[in-house]
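Each chain, letter by letter, is given below.
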Protein chains: 2
Amino acid sequence: MSPDLNAMALFVRVVEHQSFSAASRRLGVPISTVSRKVAELEKALGVRLLERSTRKLRLTELGQDYYAYCRRGLEEIETGTLMLSERQAEISGTLRLSVPPGLADRLIVPLVSAFQAEYAAVTVRILITEREVDFIQDAVDLALRVGELKDSNLVARPLIRYRHILVVAPAYLDAFGMPEHPRDLPTHRMITFGGWFDDVSLKLVRNSSVHTVKVEGVLALNDYAGVLCATEAGQGIAEIPSIICGEALRDGRLVEVMPDWRFPSTSLSAVYPGNRNLSRIVRLFKDYCVEQVNVLSPYAGI
Amino acid sequence: MSPDLNAMALFVRVVEHQSFSAASRRLGVPISTVSRKVAELEKALGVRLLERSTRKLRLTELGQDYYAYCRRGLEEIETGTLMLSERQAEISGTLRLSVPPGLADRLIVPLVSAFQAEYAAVTVRILITEREVDFIQDAVDLALRVGELKDSNLVARPLIRYRHILVVAPAYLDAFGMPEHPRDLPTHRMITFGGWFDDVSLKLVRNSSVHTVKVEGVLALNDYAGVLCATEAGQGIAEIPSIICGEALRDGRLVEVMPDWRFPSTSLSAVYPGNRNLSRIVRLFKDYCVEQVNVLSPYAGI
DNA sequence: AATAATTATTCCATATATGGGAAAATAGAT
DNA sequence: ATCTATTTTCCCATATATGGAATAATTATT
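Attention here is on the structure that accompanies the text. (Residues numbered from 1 in each chain as written. Chains lettered and ligands numbered in written order. Predicted model: local features only at pLDDT ≥ 70, side-chain atom pairs only at ≥ 80, totals over all residues. Heavy atoms only, no water.)

**A closer look at the overall build of chain A**
Piece 1. Along chain A, the regular secondary structure elements total 9 helices and 14 strands.
Piece 2. Computed over the C-alpha atoms, the radius of gyration of chain A is 32 Å, more than 25% above the 19 Å expected from 2.2 N^0.38 for a compact globule of 302 residues.
Piece 3. Dimensions of chain A along its principal axes, counting C-alpha atoms only, are 105 × 35 × 30 Å.
Piece 4. Classification of the 302 residues of chain A by burial places 48% in the buried group.
Piece 5. Sequence-distant contacts in chain A: of pairs separated by 6 or more residues, those separated by 24 or more amount to 73%.
Piece 6. For chain A, the exposed area adds up to about 14900 Å²; of that, 49% sits on carbon and sulfur atoms.
Piece 7. Across chain A, the centroid of the 35 positively charged side chains sits 10 Å from that of the 36 negatively charged ones. (Helix = DSSP H or I, 4+ residues; strand = E, 2+ residues; numbered from the N terminus. Rg over C-alpha atoms; globule rule 2.2 N^0.38 Å. Buried < 20%, exposed > 50% of the residue type's maximum accessible area, 1.4 Å probe, protein only. Contact = heavy atoms within 4.5 Å. Areas by Shrake-Rupley, 256 points an atom, 1.4 Å probe, with all protein chains shown as cover. Lys, Arg positive; Asp, Glu negative; His and termini not counted. Charge placed at Lys NZ, Arg CZ, Asp CG, Glu CD.)

Structure representation (structure tokens):
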């Protein structure tokens, strides 16, 4: 059986202090514990490491050599422990974020840039993926996720609530007219997000009336930036999150289609694998998101 | 408080095995203990070292760096532990003996030479001193001592019993005649051992009659080799241990004075600081002395 | 020389840690 | 769909460690 490493550490301290009592006082460990631990270490190793009496202490020949090895080993371990606390204190390292497509350039990049302005030693890596990432396999510190959390091992901190909006370019309306009911939408040209394998369903609510309609996009891609661009070009009607299209609506480049029919609101959350022993920069960024996200995204809440 | 080094060692093993379960099986430690210990280490350090779920394990960024320090530290300590057991096995190192004056060349050197012929890797250092050495302060492994042991913390293993003998050269007797009683001795030329500050007392016994006589040496020194040499040269009568003068008696260079008056016998012992965790070479040499000393010194028992 | 202070060891009542098993949830293999 | 393996957490009887006191020895002080 390997000897007790804590006992070995006490042995090293006793040698450094040249005294059981001095080591005991310095470490805040009872003298009886120090004495017993060192004696147990000698027994486990089958070697007398120290010759001692009251007031006198001397390493044996083998004890001298063993002490040299142990001191170097402990120094390495202590350097590692110190490195950890310094790294925790200095707010540096790499933050690894997972972000759904379409959010990075309009929301996340400004947020991260502001964060890094405040914490210059932090590196940020962003994985844009539509997948629900695996925090272990994909090595993700924190994910921004739309919608409700399904994984019970993870913690979700809501950042903003917003809704999607049906939008269109004015020129399209001049040519094809405004739809008057959700059931009219399949007869219109639709630009959809996703739609790789299946058609997209739109679920709209007016008062307490719910209407779900399936549409086939003439253009479908999983990037809201591309969806926005095509919609502004008048190529069709699209469902776009308010935090992405809010500026185009404000500037008149897009108008809302059937404003009294609305999508259910959803949320954007910061998701991470529990609060316990969370890395300092992850904790800081999480809290930063909570504080800053409404400031940086005025189109939440439309 | 410093983190638990044994817990840190478990952490390193878990990383090496890439599995709590594999580490648990390999180390013979319950899986619940491994899990708890690593969690406690993370709490003590305030850092998540590992991201993990069932079937997946990954070091965090800080965990990776900490692991590297700890692995090097543990390797150093393990090398030291292995060094100890190898050194115990290989019978090498330095044996440090303390020997009273006058014994080294006639008894100890042959004994040590024979021991080193058998154990070639052992170095022996001999301190010839009349003092009762301090095992700690003087860094002595084993002492050869004449007489009874006074220090209760030490262990004495008797080697031989012998007595001192009053001896003289025949030429001296031709010139001055043989003393007939111990009280005659002060009128003779005496060569004494020691006698630096005080005169020397001789205590002689015949049957149950005890006579103590104080003599002043015309020559006094604390080296039996010198005492023997001067006595053989006819310069006086001397008290010399049988193990030193036995050969000169056998060869007729010296004769015994008043053979029916005798000194009390005394003993030569190997003295060492207890049997617990005694260095291998000290233990071996002690046992070797017990076995060999009568063979190498036929004049014990005269 | 006597006394006081300090040191290291040992013992034991008490405190704490551990081992082992079970349960629950997750994930990969069959 | 089921089985197997992994990790975490909890529980508790048991084992072990601990802290304080007593003891003996040594050195410093008076």
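**What to know about the pattern of salt bridges**
Piece 1. By the definition in use, this model includes 32 salt bridges over all chains.
Piece 2. Taking the shortest distance from any N to any O, the salt bridge between Glu61(B) and Arg87(A) comes out at 3.9 Å. Of this pair, Glu61(B) sits in helix H4 (residues 61–90) while Arg87(A) sits in helix H4 (residues 61–90), which puts the two residues in different chains.
Piece 3. Under the relative-accessibility criterion, Glu61(B) is labelled partly exposed at 38%. (Salt bridge = Lys/Arg side-chain N within 4 Å of Asp/Glu carboxyl O.)

**Considering the interface of chain B and chain A**
Piece 1. Contacts between the two partners involve 50 residues from chain B and, on the opposite side, 50 residues from chain A.
Piece 2. Interface area, chain B with chain A, both sides summed: about 4500 Å², of which 60% is carbon and sulfur.
Piece 3. The three residues of chain B that bury the most area against chain A are Arg48(B), Ile136(B) and Asn277(B), which together make up 16% of that side's buried surface.
Piece 4. Between Asp65(A) and Arg87(B) there is a salt bridge whose closest N-O contact spans 2.9 Å.
Piece 5. Viewed at the interface, chain A and chain B are joined by 20 residue pairs in polar contact (both at pLDDT 80 or more).
Piece 6. Breaking the side of chain B that touches chain A down by element, the ones donating at least two residues are helix H1 (5–17), helix H3 (31–45), strand S1 (50–53), strand S2 (56–59), H4 and strand S3 (93–99) of chain B. (Buried area = accessible area lost by both parts, 1.4 Å probe. Polar contact = N/O pair within 3.5 Å; in protein donor to acceptor, adjacent residues only side chain to side chain.)

**Looking at unusual backbone geometry**
Piece 1. The backbone of Gln18(A) sits at a positive phi, close to 55 degrees, despite the residue not being glycine.
Piece 2. Along the chain, Gln18(A) falls in the loop between helix H1 (5–17) and helix H2 (20–27).

**Some words on the relation of the copies chain B and chain A**
Piece 1. Superposing chain B onto chain A requires a rotation of 179 degrees together with a translation of 0.0 Å along the rotation axis, leaving an RMSD of 0.4 Å. With respect to symmetry, the two chain copies, as superposed, fit the operation of a two-fold axis. Using C-alpha coordinates, one finds that chain B approaches the rotation axis most closely at Gly73(B), a distance of 1.9 Å.
Piece 2. A share of 100% of interface residues in chain B that are also interface residues in chain A marks the association as one of identical surfaces. (Least-squares fit on C-alpha atoms with pLDDT ≥ 70 in both.)

**Some points on H2(A)**
Residue and element names in this part refer to chain A.
Piece 1. Buried within H2 we find Phe 20, Ala 22, Ala 23 and Ser 24.
Piece 2. Put simply, Ser 19 is the residue that caps the front of H2, since its side-chain oxygen is 3.2 Å from the backbone nitrogen of Ser 21.
Piece 3. With its phi angle positive at about 70 degrees, Gly 28 sits one or two positions after the end of H2.

**Things to note about the protein's contact with DNA strand C**
Piece 1. Near DNA strand C there are 23 residues, and of these Ser21(A), Ser32(A), Ser35(A), Arg52(A) and Thr33(B) occur at the shortest range.
Piece 2. Backbone atoms, meaning sugar plus phosphate, form 67% of the atoms of DNA strand C positioned within 4 Å of the protein.
Piece 3. One nitrogen or oxygen atom from the main chain of Ser21(A) is found 2.5 Å from a phosphate oxygen belonging to DNA strand C.
Piece 4. Contact between DNA strand C and Ser35(A): a phosphate oxygen at 2.5 Å from a side-chain N or O atom of the residue.
Piece 5. Of all the secondary-structure elements, those providing two or more residues to the surface near DNA strand C are H2, helix H3 (31–45) and strand S1 (50–53) of chain A together with H3 of chain B.
Piece 6. Residue classes in the surface near DNA strand C are distributed as 3 nonpolar, 11 polar and 9 charged. (Near = heavy atom within 4 Å. Nonpolar A, V, L, I, M, F, W, Y, C, P; charged D, E, K, R; others polar.)

**A word on the packing of H2(A) against H3(A)**
Residues and elements named next belong to chain A.
Piece 1. H3 packs onto H2 with a crossing angle of 120 degrees between their chain directions and a minimal axis gap of 9 Å. Classified by the angle their axes make, H2 and H3 are oblique. Considering the relative orientation of H2 and H3, their crossing is right-handed. For the pair H2 and H3, contact is made by Phe 20, Ser 21 and Ser 24 and by Ile 31, Val 34, Ser 35 and Val 38, respectively.
Piece 2. Classifying every residue of the contact of H2 with H3 gives 4 nonpolar, 3 polar and no charged. (Axes fitted to C-alpha atoms, helices over the stretch in contact; angles between N-to-C directions. Parallel < 35°, antiparallel > 145°, perpendicular 65-115°, else oblique. Left-handed = near helix turned anticlockwise from the far one by under 90°.)

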